Amino acid sequence: MELTRRTFLQVSGATVAGLAISSVGFGLNGTRAYAAELRTSKAKVTTTICPYCAVGCSILVHSAGGKIINTEGDPDAPINRGSLCSKGASLYHLAINDDRLTKPLYRAPNAKEWKEVTWDWALDEIAKRVKESRDRTFAVKNALGQVVNRTEGIASVGSAAMDNEECYIYQKFLRGLGLAYIEHQARI
Amino acid sequence: MTNHWVDLRNSDVILIMGSNAAENHPISFKWVSKAMDRGATLINVDPRFTKTSSKADIYARLRSGSDIPFLGGMIKYILDNKLYNEFYVANYTNGAFLVNKDFKFTDGLFSGYDPEKRKYDKSTWSYQVDENGVPIRDKSLSDPNSVIQLLKKHYARYDIDTVCKITGTDKQDLLNVYKAYTTTGAKGKSGTIMYAMGWTQHTVGTQNIRTMAMIQLLLGNIGIAGGGVNALRGESNVQGSTDHCLLFHIIPGYLKTPNATLPTLAEYNKAYTPTTKDPLSANWWGNYAKYSVSLLKAFYGDNATKENDFGYGWLPRLDAGANYSWLTIFDEMSKGKFEGFFSWGQNPACSGANSNKTRNALGKLKWLVNVNIFDNETGSFWKGPGMKPEEIGTEVFMLPCCVSVEKEGSITNSGRWGQWRYKAQEPMGESRPDGEMIDDLFKRLKAMYKSEGGAFPDPILNLSWDFYDEKGHLSTHKIAQEINGRYMSGPDKGKLVANFTKLADDGSTCSGNWLYSGSYTEDGNMMARRNNEDKSGIGLHSGWSWCWPVNRRIIYNRASVDLDGMPLDKEHPVVKWNGAKWEGDVPDGGWKPMSQEGTRLPFIMKPEGVARIFGPGLAEGPFPEHYEPLECPVEKNLLNSQRINPTIKLFSEKGEGAGKDVYMTCDPKYPFICSTYRVTEHWQTGLMTRWNKQLIELQPQNIVELSKELAKLKGINNGDKVIIKSARGQIETVAMVTSRFKPFKINGQTVHQVGTTWHYGWCTPEDGGDSANLLTPTVGDANTMIPESKAFMVNIERKG
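Going along each chain's sequence as written, the residues are numbered from 1 onward. Chains carry letters and ligands carry numbers; both start at the beginning, A for chains and 1 for ligands, and go up in the order they are written. In view of the model being predicted, local features appear only for residues whose pLDDT reaches at least 70, and side-chain atom pairs are presented and counted only at 80 or more, with totals across whole chains, interfaces and linings using the full set of residues. Only hydrogens and water are removed before side-chain values are computed, so all heavy atoms of the structure are retained for them.

1. Here we look at the overall build of chain B
- A tally of helices and strands in chain B yields 21 helices and 31 strands.
- We take the radius of gyration over the C-alpha atoms and set the globule estimate at 2.2 Å times the residue count to the 0.38 power. For chain B, the C-alpha radius of gyration of 26 Å lies close to 28 Å, the compact-globule estimate for 800 residues.
- Principal axes of the C-alpha set define a box for chain B whose edges measure 80 × 70 × 55 Å.
- Every one of the 800 residues in chain B was classed for burial, and the buried ones make up 66%.
- Pairs of residues are marked as contacts when any of their non-hydrogen atoms sit within 4.5 Å. Residue pairs at least 24 apart in sequence account for 70% of intrachain contacts in chain B once pairs closer than 6 positions are excluded.
- Using a 1.4 Å probe, the Shrake-Rupley method yields the accessible areas, and only the shown protein chains count as cover for residues. For chain B, the exposed area adds up to about 26900 Å²; of that, 49% sits on carbon and sulfur atoms. Only runs of H or I of at least four residues qualify as helices and only runs of E of at least two qualify as strands under DSSP, and these elements are numbered from the N terminus. Burial classes follow relative accessibility: with a 1.4 Å probe on protein chains only, a residue under 20% of its type's maximum area counts as buried, one over 50% as exposed, and anything between as partly exposed.

Structure, rendered in structure tokens:
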């Protein structure tokens, strides 16, 4: 379900005034509706949960023309009630950020530079490497002669930064390939 | 967390130890402050006077690595002054159980120790049982072999003077903490603990937490509002990624990874299904086979049949007893064991202990796939400090993933609430959701194995993978539904199960994670719920998102009532028996109160049905004992003859990679204790904050914090460039001289401690400094293998 500003307000029971107070930081009646209109009058509102620590603060994300224009604390959320720390408050700068990686990169053996590649090429080549390494290092039995059916030559770490659904299919994928060395942030 | 964030407001005494919550989980303080407004006492124990300390009613300091003496002394204080909750201990814990007469503790070692293997035979760590096999109890708690009497004997050595000699805590401060916290043993009072990496990142990390859990049980603080044992987890979805078991030793829902000694599903299920002869025990893990078979059905779908053991043989198996965890991976990598490596949404070149070892290990790989939002020290390791790209043969693929607001899905917070996130914009540039990359890779590999064959293709070809919507796009909802589980046969075939009580061991149901069963049902996506009402009066907010298990917001909640089901704390009832059914939170099993027929004990996940003050499961022993950090400033452990944890793995000094794992204790070259820590404005290795202009402006570079006394001793001024060195590496950083650190008096000797943030790396920003993990040792907790980043030895010198 995608929440438009309108349906979001219905779902959440928030009032425009409530939003406006958190938008402009003060509650003078005349000013607040005007300020809220200025910034988000045509914006779509979706909700998200902060990607930093595990308190799970809810954040309103305003977007217009398909692009995020503002993020701020969600006043309806029981955990944070509109508050955010400096990291959560900077979510906009994480999303709208010129330093983000926007193309797959490849570094050949012994090369000194990255080179831009296409997704298809990168994924094809990775799949080839995985298959070669798996086929070469797959162990049907261990040193004691017990059946183990595992891929010895590939390891993986990650990731607590992924969504639950991604974590689930990632471990399914790795275990499908027979990996035993599967770890992530929780271990460190 | 056994409880959740909002519940902190219900607490009468809050202990923050092993965490700097005000700095690192700032919004938690909304609820800490609410509790304080009601008159709650905030206690903070930390080596350094932190932002949390500044808010505390009582602050006490301790030397890093001495938490068990500090807390062990509290156990002695509780027992000596009879401050424990006798009702709770006798009825809801194993405090009354009689222990095997052959169980012994002598000078730091429990019965059964094998010094060669650095491991225990735990057979004497057991209970005395009656003729029916039920543990014998002495509810008067007076039998010399009862858990409580053994506990008394064990902690008799942890007297105030001895504790203070080890911890360096002021005696009066220590007593103030003990006195304030133990008031929560009174009926109707609650105390909670908020801890984080300050407890886990030690060679005795698990036992640090266990010591506190035992205190909570003695005081009757588990299962109640404002109580519990609350780990403040550090990553937005580290709870979920742990629940889904991106870890070597477990598979989704905390089931065990199969090992080579268990060739069939029957043997596997038998090995991990606990049994009990106590008719009062619910023994919930008795349902193990329902969850394991449903997981196999989720993995292999219709290809998993009774005849083929539901595909059990397709799962990889570990060698029994072997460790495949983080530190082992990089140790093996440095010896050339791996050809390929995925670093997916992580930055191990800065986040793991002993970064020099990690970074060099990456150069031994044939190929590396690095998935991230930004460039990082892992993907670009080959051009990092001291690296010669022309000599490094590792191929690197750097794949750009999108950020959280560019995709849809759920994450689970520390309080176990699974909350849904929506997509606000298309992924920037060619960046993509992680899930789509995983899907694309799997599809390619499946096609290759189908057409070309290869090593044991069966698990790949039989893996069930149908997560697409009507347009053929990967659907997060479809994945969430598989995680929840559905009926695979029968009249309800295809329908989603309501919760895990519907799962079966005959192949008629699937569930990708039994704990999440109930999160996405025929009634819809429970994680997307946004009803913020609170009918409970104690902030459960049961209609907001969804919480595992079965939307139970406070776990072990049947321990919050008396034998008739009436709340022990009438002002903050979690559950209450109204004569016909339970009201309030979802109870831990719907059985009637303990005074009635057909009841079950409240700690349903333990075969004993009660919580364990005597805990026979951990590597070091049933009662936590003090051992010094691997690198420490004292030659002798004042409590026993074992200086370090007798069960930790010591990485080899021989062979390739030798010299990387050097440890120095009481070496004049490294005289100061060091701890790594964090600031609000940065997060983990800084990957998601160092590239964020707003945050990097607030905290542009690494610092090392030291006391005025140490600064004077070393001729260092505030703002000086300094070099910190450990036996493994060094970093250049800026000195911040404060009165927040003070020298400790440890057994008559002056001991200094310093601390440094670990959010930086050479990639960006310029002059920000490199990772503090260049200093930390490759050594882990004996149970979890979490590295000891909170206590190691360094030197500090002014640069130039």
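Past the structure itself, the notes keep going.
2. Comments concerning the domain arrangement of chain A
- For chain A, the assigned domains read domain 1 (44-95) and domain 2 (105-183).
- Between domain 1 of chain A and domain 2 of chain A, the C-alpha centre-to-centre distance is 34 Å. Where each domain starts and ends comes from a domain assignment, either automatic or drawn from a database.

3. Thoughts on the side chain of Ser351(B)
- Locating Ser351(B) in the fold gives a position in helix H15 (residues 348-351).
- Those residues within four positions of Ser351(B) in sequence are excluded, and the remaining contacts are Ile188(A), Trp326(B), Gln346(B), Thr685(B), Trp758(B) and Asn773(B).

4. Some points on the interface of chain A and chain B
- Of the residues lining the interface, 122 residues belong to chain A; the matching set on chain B comes to 161 residues.
- Summed over both partners, the accessible area (1.4 Å probe) lost when two parts come together is defined as the buried area. With both chains or domains summed, chain A and chain B bury close to 12900 Å², and 61% of this area falls on carbon and sulfur atoms.
- A side-chain nitrogen of Lys or Arg and a carboxyl oxygen of Asp or Glu constitute a salt bridge if their distance falls within 4 Å. Put simply, chain A and chain B have 15 salt bridges between them.
- With a shortest N-O distance of 2.9 Å, Asp120(A) and Arg444(B) are connected by a salt bridge.
- Throughout this description, a polar contact denotes any pair of N or O atoms lying within 3.5 Å of each other; where both atoms belong to protein, one of them has to be capable of donating a hydrogen while the other can accept it, and for residues adjacent in sequence the pair is counted only when both atoms sit in side chains. Counting across the chain A and chain B interface gives 91 residue pairs in polar contact (both at pLDDT 80 or more).
- Of all the elements, helix H5 (residues 119-137) of chain A adds the most residues to the side of chain A that touches chain B, at 18 residues.
- Ten residues, namely Ala, Val, Leu, Ile, Met, Phe, Trp, Tyr, Cys and Pro, are considered nonpolar, four, namely Asp, Glu, Lys and Arg, are considered charged, and the remaining ones, Gly among them, are considered polar. Of the residues in the side of chain A that touches chain B, the class split is 61 nonpolar, 31 polar and 30 charged.

5. Section: the packing of aromatic side chains
- Only the six-membered ring of Trp is used, alongside the rings of Phe and Tyr, when aromatic pairs are assigned; centres must lie within 6.5 Å, and planes under 30 degrees apart are stacked while those over 60 apart are edge-to-face, with the rest tilted. Taken as a whole and assessed by the stated rule, the structure comprises 55 aromatic pairs over all chains.
- With centroids separated by 5.6 Å and ring planes inclined at 50°, the aromatic side chains of Tyr77(B) and Tyr178(B) adopt a geometry described as tilted. Of this pair, Tyr77(B) sits in helix H4 (residues 67-80) while Tyr178(B) sits in helix H8 (residues 171-182); the two residues are 101 residues apart in sequence, bridging distant segments of the chain. Just as Tyr77(B) is buried, Tyr178(B) falls in that class too.
- Three or more aromatic residues joined by ring pairs make a cluster, and in this case those are Phe97(B), Phe103(B), Phe105(B), Phe110(B), Tyr113(B), Tyr120(B), Trp125(B), Tyr127(B), Phe614(B) and Phe623(B).
- Charge-over-ring placement is defined geometrically: NZ (Lys) or CZ (Arg) within 6 Å of the ring centre, and within 35 degrees of the ring normal. One cation-aromatic arrangement involves Arg416(B) over Trp548(B); the distance from NZ or CZ to the ring centre is 5.7 Å.
- Directly above the aromatic system of Trp119(A) lies the positively charged group of Arg432(B), at a separation of 5.1 Å from the ring centroid.

6. A word on the nonpolar core
- Among buried residues, those of type Ala, Val, Leu, Ile, Met, Phe, Trp, Tyr and Cys that are joined through side-chain atoms within 4.5 Å constitute a nonpolar core. In terms of nonpolar packing, the biggest core is built from 129 residues, with Phe173(A) and Phe342(B) touching the most fellow members.
- Of all the elements, helix H13 (residues 288-300) of chain B adds the most residues to this core, at 8 residues.
- Ignoring anything within four residues of it in the chain, the contact list for Phe342(B) reads Ile126(A), Val130(A), Ile154(A), Ala155(A), Ser156(A), Val157(A), Tyr170(A), Trp367(B), Val369(B) and Leu441(B).
- Val13(B), Met17(B), Ala60(B) and Leu79(B) belong to the second largest nonpolar core, which has 70 residues in total.

7. Remarks on the environment of Asn81(B)
All names here are of chain B.
- As for its placement among the helices and strands, Asn81 is situated in the loop between H4 and helix H5 (86-92).
- Look at Asn81 and you get partly exposed, because its relative accessible area is 41%.
- Separated by 209 residues in the primary sequence, Asn81 and Lys290 place their C-alpha atoms 46 Å from one another.

8. Let's talk about helix H19 (residues 476-484) of chain B
- The element H19(B) is largely enclosed, with a buried count of 7 among its 9 residues.
- What H19(B) keeps buried is the set Thr476(B), Ile479(B), Ala480(B), Gln481(B), Glu482(B), Ile483(B) and Asn484(B).
- Taken together, the buried residues of H19(B) touch helix H6 (164-177) of chain A together with H13, strand S15 (409-412), strand S16 (417-421), strand S17 (486-487) and strand S19 (520-521) of chain B.
- With a side-chain oxygen lying 3.3 Å from the backbone nitrogen of His477(B), the N-terminal cap of H19(B) falls on Ser475(B).

9. Topic: the pairing of strand S2 (residues 58-64) of chain A
All names here are of chain A.
- Taking burial as the measure, the 7 residues of S2 include 6 buried ones, the bulk of the element.
- Summarising the sheet, strand S1 (residues 44-49) and S2 pair through 6 bridges and their orientation is antiparallel. Paired with Thr48 across the strands is Ile59, a residue of S2.
- Whether two strands pair depends on DSSP finding at least two bridges between them. Pairing geometry for S2 and strand S3 (residues 67-73), over 6 bridges, is antiparallel. Looking at the pairing, Val61 lines up with Thr71 of S3.

10. Side note on the confidence of the model for chain B
- Note: pLDDT gives the predictor's confidence per residue, expressed from 0 to 100. Averaged over every residue, the pLDDT of chain B is 97; the share at 70 or more is 99%.
- Reported confidences for the modelled complex are a pTM of 0.95 and an ipTM of 0.98.

11. Points about the confidence of the model for chain A
- Model confidence for chain A is summarised by a mean pLDDT of 87, while 79% of its residues fall at 70 or above.
- Low pLDDT, under 50, characterises residues 1-27 of chain A; the predicted model gives this stretch 50 contacts beyond four residues in sequence or across chains.

12. Some points on unusual backbone geometry
- In this model, Trp548(B) is joined to Pro549(B) through a cis peptide bond whose omega is -10°.
- Within the secondary structure, Pro549(B) sits in the loop between strand S21 (546-547) and strand S22 (575-577).
- Here the bond from Thr764(B) into Pro765(B) is cis, since omega is -10°, no more than 30 degrees from zero.
- For Pro765(B), the location among the structural elements is in the loop between strand S30 (753-757) and strand S31 (792-798).
- The backbone of Asn110(A) shows a phi angle near 65°, a positive value even though the residue is not glycine.
- Within the secondary structure layout, Asn110(A) lies in the loop between strand S4 (105-107) and strand S5 (115-116).
- Even without glycine at this site, Asn354(B) takes up a positive phi of about 55°.
- When you line up the elements, Asn354(B) lands in the loop between H15 and helix H16 (355-362).

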